[in-house]
Amino acid sequence: SWPLHEMPEPVVALSPAYAAELGVKEGDRVRVRSREADAVLRVRLELNLPDEVVLAPPHYPEVRRLTSWRLDPALRDLDLRPSRVSLEPTEECTR
């Protein structure tokens, strides 16, 4: 998990190859859409992520709203399954 001091704001991490496919670079903002919500997050490049896999730490309300929070009754804990999202560059990326 990333320490909060490394992320003063919410980010979405993706591979450099996926970022290039989307036409975005480190520091750009992208719109992340899920069934539950959408959020505009800053891009952080991570070399170890597979292409088309994104990671957003749930420390921020913007990120938490993107997922459906379910309680696993057997574990009596949150069931944090992966969520399907789509990404699109914001206008600042097209300048």
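Above this text you will find the structure in question.
## Let's talk about the pattern of salt bridges
Okay, step 1: Across all of its chains, the model carries six salt bridges by this definition.
Okay, step 2: Among the ionic pairs, Glu-9 bridges to Arg-29, the shortest N-O distance being 3.3 Å. On the criterion of sequence distance, the pair formed by Glu-9 in the segment before β1 (11–14) and Arg-29 in strand β2 (residues 29–33) is long-range, its members being 20 residues apart.
Okay, step 3: Residue Glu-9 is classed as partly exposed on the basis of its relative accessible area, which comes to 26%.
Okay, step 4: What makes Arg-29 partly exposed here is its relative accessible area of 24%.
Okay, step 5: Measuring nitrogen to oxygen at the nearest pair gives 3.2 Å for the salt bridge that ties Asp-28 to Lys-25.

## Here we look at the side chain of Ser-34
Okay, step 1: Along the polypeptide, Ser-34 turns up in the loop between β2 and β3 (38–45).
Okay, step 2: The class for Ser-34 is buried, based on a relative accessible area of 15%.
Okay, step 3: Within the structure, the side chain of Ser-34 is placed 3.2 Å from the backbone nitrogen of Glu-36, a separation counted as a polar contact.
Okay, step 4: Engagement of the side chain of Ser-34 in a polar contact is seen with the backbone oxygen of Leu-66, the distance being 2.7 Å.
Okay, step 5: Apart from residues lying up to four places away in sequence, Ser-34 is in contact with Leu-66, Arg-84 and Val-85.

## Quick word on the nonpolar core
Okay, step 1: Grouped together as the largest cluster of nonpolar side chains are 17 residues, with contacts concentrated most on Leu-14, Val-24, Val-30, Val-32, Leu-41 and Leu-87.
Okay, step 2: When contributions to this core are tallied by element, the ones reaching two or more residues are β1, α1 (16–22), β2 and β3.
Okay, step 3: Beyond its immediate sequence surroundings of up to four residues, Val-32 is in contact with Val-12, Ala-37, Asp-38, Ala-39, Leu-41, Leu-66, Val-85, Ser-86 and Leu-87.

Procedures and definitions
- Residues numbered from 1 in each chain as written.
- Predicted model: local features only at pLDDT ≥ 70, side-chain atom pairs only at ≥ 80, totals over all residues.
- Heavy atoms only, no water.
- Salt bridge = Lys/Arg side-chain N within 4 Å of Asp/Glu carboxyl O.
- Helix = DSSP H or I, 4+ residues; strand = E, 2+ residues; numbered from the N terminus.
- Buried < 20%, exposed > 50% of the residue type's maximum accessible area, 1.4 Å probe, protein only.
- Polar contact = N/O pair within 3.5 Å; in protein donor to acceptor, adjacent residues only side chain to side chain.
- Contact = heavy atoms within 4.5 Å.
- Core = buried A, V, L, I, M, F, W, Y, C linked by side-chain atoms within 4.5 Å.

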